[in-house]
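# Reading the structure
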Amino acid sequence: MEAVSPATVDWDEMTDTILEVENLKTYFFIEQGIVRAVDGVSFTLQAGKTLGIVGESGCGKSVTSRTIMRLLSPSLARIVDGSILYYPVKGEPIDLAQLDPFGEQIRDIRGNEIAMIFQEPMTSLNPVYSVGHQIMEAILLHQEVTKEEARKQAVEMLRLVGIPLPEQRVDQYPHQFSGGMRQRAMIAMALSCNPRILIADEPTTALDVTIEAQILDLIQQIQADSEMALIMITHDLNVIGEVADHVIVMYLGQVVESAPVDEIFDAPKHPYTQGLLNSLPMIGREERLEPITGSVPGPHERPQGCAFAPRCPHVMNRCRLEEPPSLIAGEFSTVACWLYDEQTEVVYAPG
Amino acid sequence: MRPVNPNGSDTILAIEDLRQYFPIKAGLLQKTVAHVKAVDGVSFTVASGETVGLVGESGSGKTTIGRCIVRLYKPTDGSIHFSMTDGMVDIAQLNRNELQPIRRDIQMLFQDPNSSLNARMRIGDIIAEPLEIHGIGTREERRARVNKLLDQVGLGADMHNRFPHQLSGGQRQRVGVARALSIEPRLVVCDEPVSALDVSVQAQVLNLLADLQQELGLTYIFIAHDLSVVEYISDRVMVMYLGKLMETAPTRKIFERPTHPYTEALLNSIPKRVRGGHRKRFVLTGDIPSPVNPPSGCVFHTRCQYAKDICKTETPALRALPTDPQTQVACHLVEELSLQPYYTADELRNLEADHV
């Protein structure tokens, strides 16, 4: 496999860009048919910044992140189109989508330069190895150090993520850790090789608010210290509001809106984004919630035209027939909705 | 329809010094070696028609209280008085047969609609089952009642013959609501009823619960870990920690003027958008201690940033604030502390302007 270098990239302008996903499509080929889990997703990630990915279950958030990490089984899921350009510290950008998922090159990057934290710390940690062993495994795989040094590093990582008595805890097994501590151990493992990109897939969903706050603070503090880029995947808009710089909203495998966090909250454009915000209980807001009607269709019930049309309060004839393209909505924002097309006569004023 | 309690402010439930200890057994002979003190001396009352939110971290005992009220557990000690037509009845120690008539009045809505519905039963039969158990109506009357319930919870009559796996998560939770309401209870214990649902569906179910309360005069005990959901639905909030009640107050006051350091810590932990940078907050360190061997004195003192010597030795009683009898708090230091509310100073000013 060889790295692809797009001639169009202007290197002086793009120094900050660390990951560039372009029109990514990941389809599952299963007995019942083809599931378009990720269907044309594009975004860029800058060093030191946080990209939030929101959407309800079944919107393709997690498949997007697993595609970037190349963790999906090739017998089930295939990248049918698009590119995932990763910009290493030195050298040409690498298209992760073109790499062999079992090859040397992706294994050098995965866990080392791009690391991931999963939602369920209990199922992502191996119960038969000590926590320290599992952190050392990542270190020994990617760095040329002795076992003693790796162990020292593992203890340091546990200390960094705020686990008390790390010298003793390092030899304990996952079942001896509480839920919050397991998630900290996962973070310690993910950060052990100083990744340049951290993908956090619902990292606080299974945790209590107090532990959630500890974990979010920890991630943001590490990010501030190391210029690490973060992709935060969550269904919780409050978490997005706290950590994200830029947000993409996904619905049925597509990006329906992409905008800086303030625009998402203050002037949401896509009816789905507006619906999500109106569904969200916000402390201090007294109005009644206005939920989106219906629920996300199943993977084999994808509607014609705009995927959101059957649930959209502003649906027009055109929406049921043609799929809307991503329209430029601002300096840094796009929206995939016919309401914002110049050819469309009805203009909807948000708010 | 049975008549709704005509006087809305009547006490429907009065709990006094409730304790639920679970034995830990070990060894060959399974001797009891210790107890998990899941609920350890909790007292409160609930007025008819109100919604009480029960919050706290996992392990605080909120679900155990709910299960004691519907008598899935037999409490170790204490009383649970429930208002029946012939006055208040202590249901804490009643046996199975004695409980039968009371079960009509107290129902529970469970968290996970996937595991709380029998996968082999049709939706119509699931909703009709409580009616059958209590011997209400004829077959036809029950069928008519089920159709009305399906309509009330926003599902069509065509759901009758479907199986749970054919429904979405939100639809399944609506079936759970219909089943809980089928025998016209007066008190519904909702145990994390929306936490397994997506945001848009969560909002649909929350609105449904609020509408049904208006329509049927229901009283809810709403257990949830998501404080924004609790704020939306509750009239009053009770904050629990390690099996004890730390603070109870009207919802608005909890968020605008918390009086217990643990409440303050919870409010500070809620993720929140603050324009132009990171929110400055203090974070509660460590985990909740083990309920097998809770700390001495105030159970929160090991994690409390204000703790003094007295907190380590003496257990604070839950007492009403002299300035505000609606707020009850269990803290020695309540008079000297000035705690940080959920809102920033600017937000508070705006809220006050709104209220006026």
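Quick caveat, the model's predicted, so the values are computed rather than measured. Per chain, residues are indexed from 1 in the order of the written sequence. By the order in which they are written, chains take letters starting at A while ligands take numbers starting at 1. Confidence filtering applies because this is a predicted model: local features only for residues at pLDDT of at least 70, side-chain atom pairs given and counted only at 80 or more, and all residues used for totals across whole chains, interfaces and linings. Neither water nor hydrogens contribute to the side-chain values; these are computed over all heavy atoms in the structure.

## Observations regarding the interface of chain A and chain B
Note: interface size is frequently given as the accessible area lost on complex formation between the parts. Here, two residues are considered to be in contact whenever any of their heavy atoms come within 4.5 Å of each other. Taken residue by residue, the interface counts 39 residues in chain A and 40 residues in chain B. Between chain A and chain B, a total of about 3,400 Å² is buried, with carbon and sulfur atoms accounting for 53% of that surface. Here, a salt bridge means any Lys or Arg side-chain nitrogen found within 4 Å of an Asp or Glu carboxyl oxygen. If you look at where chain A meets chain B, you find three salt bridges. Between Arg273 of chain B and Asp266 of chain A there is a salt bridge; the shortest N-O distance is 3.2 Å. For the purposes of these results, a polar contact is taken to be a pair of N or O atoms within 3.5 Å, where, inside protein, one atom must be able to donate a hydrogen and its partner to accept one; residues adjacent in sequence count only when each atom of the pair is a side-chain atom. Run the count over chain A and chain B and you get 16 residue pairs in polar contact (both at pLDDT 80 or more). Starting at the N terminus, helices and strands are each numbered in turn, a helix being any DSSP run of H or I of at least four residues and a strand any DSSP run of E of at least two. Looking at which element gives the most residues to the side of chain A that touches chain B, the answer is helix α8 (residues 209-226) of chain A, with nine residues. Taken together, the residues of the side of chain A that touches chain B sort by class into 15 nonpolar, 13 polar and 11 charged. A 1.4 Å probe defines the accessible area here, and the buried area is the portion of it lost by two parts on being joined, summed over both. For this scheme, ten residues count as nonpolar: Ala, Val, Leu, Ile, Met, Phe, Trp, Tyr, Cys and Pro. Four count as charged, namely Asp, Glu, Lys and Arg, and the remainder, Gly too, count as polar.

## Here we look at the environment of Val41 of chain A
Relative to the helices and strands, Val41 of chain A resides in strand β2 (residues 33-46). When the C-alpha atoms of Val41 of chain A and Ser83 of chain A are compared, they prove to be 9.8 Å apart, with 42 residues separating the residues in sequence.

## Things to note about the pairing of strand β9 (residues 236-241) of chain B
Residues and elements named next belong to chain B. Buried residues are those whose accessible area, probed at 1.4 Å on protein chains only, stays under 20% of the maximum for their type, while exposed residues exceed 50% and partly exposed ones sit between those limits. Of all six residues in β9, six are buried; the element is thus mostly enclosed. Residues Arg236, Met238 and Met240 of β9 are buried on one face, and the alternating residues Val237, Val239 and Tyr241, pointing to the opposite face, are buried as well. Relative to β9, strand β3 (residues 51-55) runs parallel, the two being bridged by four bridges. The residue of β9 that forms the bridge with Val55 is Val239. If DSSP finds at least two bridges between two strands, the strands pair.

## Looking at helix α6 (residues 199-216) of chain B
Residues and elements named next belong to chain B. How far a helix is expected to stretch is found by multiplying one less than its residue total by 1.5 Å. Its 18 residues place the ends of α6 26 Å apart at the C-alpha level, agreeing with the 26 Å of an ideal helix rising 1.5 Å per residue. Burial within α6 is extensive, with 14 of its 18 residues counted as buried. Phi turns positive, to about 65 degrees, at Gly217, one or two residues after α6.

## Details of the pattern of salt bridges
Tallied over the full model, the rule gives 27 salt bridges over all chains. Here Arg273 of chain B ties to Asp262 of chain A by a salt bridge, and the two come within 3.1 Å at their closest N and O atoms. Here the residue Arg273 of chain B occupies a position in the loop between α9 (261-269) and α10 (309-313), and Asp262 of chain A occupies one in helix α10 (residues 261-266), the pair thus bridging two chains. In this structure Asp262 of chain A comes out as partly exposed when scored by relative accessible area, which is 34%.

## Some remarks on the sheet that holds strand β1 (residues 17-30) of chain A
Strands pair in a sheet through their backbones, by hydrogen bonds, and they do so in one of two ways: parallel or antiparallel. All names here are of chain A. The strand order across the open sheet formed by four strands is β2-β1-β4-β5, and the pairing between neighbours is antiparallel. At either end of the open sheet lies a strand with only one pairing partner, and these are β2 and β5 (94-95). With 11 bridges connecting them, β1 and β2 associate as antiparallel partners. Paired with Val21 across the bridge in β2 is Phe43.

## Focus: the side chain of Gln134 of chain A
Residue and element names in this part refer to chain A. If you trace the backbone, Gln134 turns up in helix α4 (residues 131-142). A residue is classified by how much of its surface remains accessible, and Gln134, at 7% relative accessible area, is buried. Of note is the side chain of Gln134, whose polar atom sits 2.7 Å from the backbone oxygen of Asn126. Filtering out sequence-adjacent residues up to four positions away, Gln134 remains in contact with Leu125, Asn126, Tyr129, Pro174 and Met189.

## As for the pairing of strand β8 (residues 219-223) of chain B
Residue and element names in this part refer to chain B. In terms of burial, β8 is a largely internal element, five of the five residues being buried. Here β8 shows no split at all, with Thr219, Ile221 and Ile223 on one side and Tyr220 and Phe222 on the other all buried. Handedness of the crossover joining strand β7 (residues 187-191) and β8 through α6 is recorded here as right-handed. Look down the strands so they point away from you; if the path from the first strand over the helix to the second goes clockwise, the crossover is right-handed.

## With respect to the domain arrangement of chain B
By domain assignment, chain B separates into domain 1 (119-182) and domain 2 (258-355). Computed over C-alpha atoms, the centres of domain 1 of chain B and domain 2 of chain B are 43 Å apart. For the domains described, the bounds stem from an automatic or database domain assignment.

## A short note on helix α5 (residues 169-181) of chain B
Every α-helix winds through 3.6 residues per turn, so residues three or four apart in the chain are directed the same way. Residue and element names in this part refer to chain B. The terminal C-alpha atoms of α5, which comprises 13 residues, lie 19 Å apart, in line with the 18 Å expected from a rise of 1.5 Å per residue. Burial of α5 is extensive: 11 of the 13 residues sit out of reach of the surface. Taken residue by residue, α5 has Gly170, Arg172, Gln173, Arg174, Val175, Gly176, Val177, Ala178, Arg179, Ala180 and Leu181 as its buried positions. Buried positions along α5 lie against β6 (106-109), α3 (123-133), α4 (139-152), β7 and α6.

## A look at a negative patch on the surface
For patches, a residue must show more than 30% relative accessible area and have no salt bridge; joins then use 9 Å for like charges and 5 Å for nonpolar side chains, namely Val, Leu, Ile, Met, Phe, Trp and Tyr. Accessible areas in this description were obtained via Shrake-Rupley with a 1.4 Å probe; residue shielding takes into account the shown protein chains only. The convention is simple: Lys and Arg are positive, Asp and Glu are negative, and His and the chain ends are not counted. To locate a charge, take atom NZ for lysine, CZ for arginine, CG for aspartate or CD for glutamate. Where like charges cluster on the molecular surface, the negative patch consists of Glu286, Glu287 and Glu290 of chain A together with Asp354 of chain B. Mapped onto the fold, Glu290 of chain A is located in the loop between α11 (271-279) and α12 (317-321).

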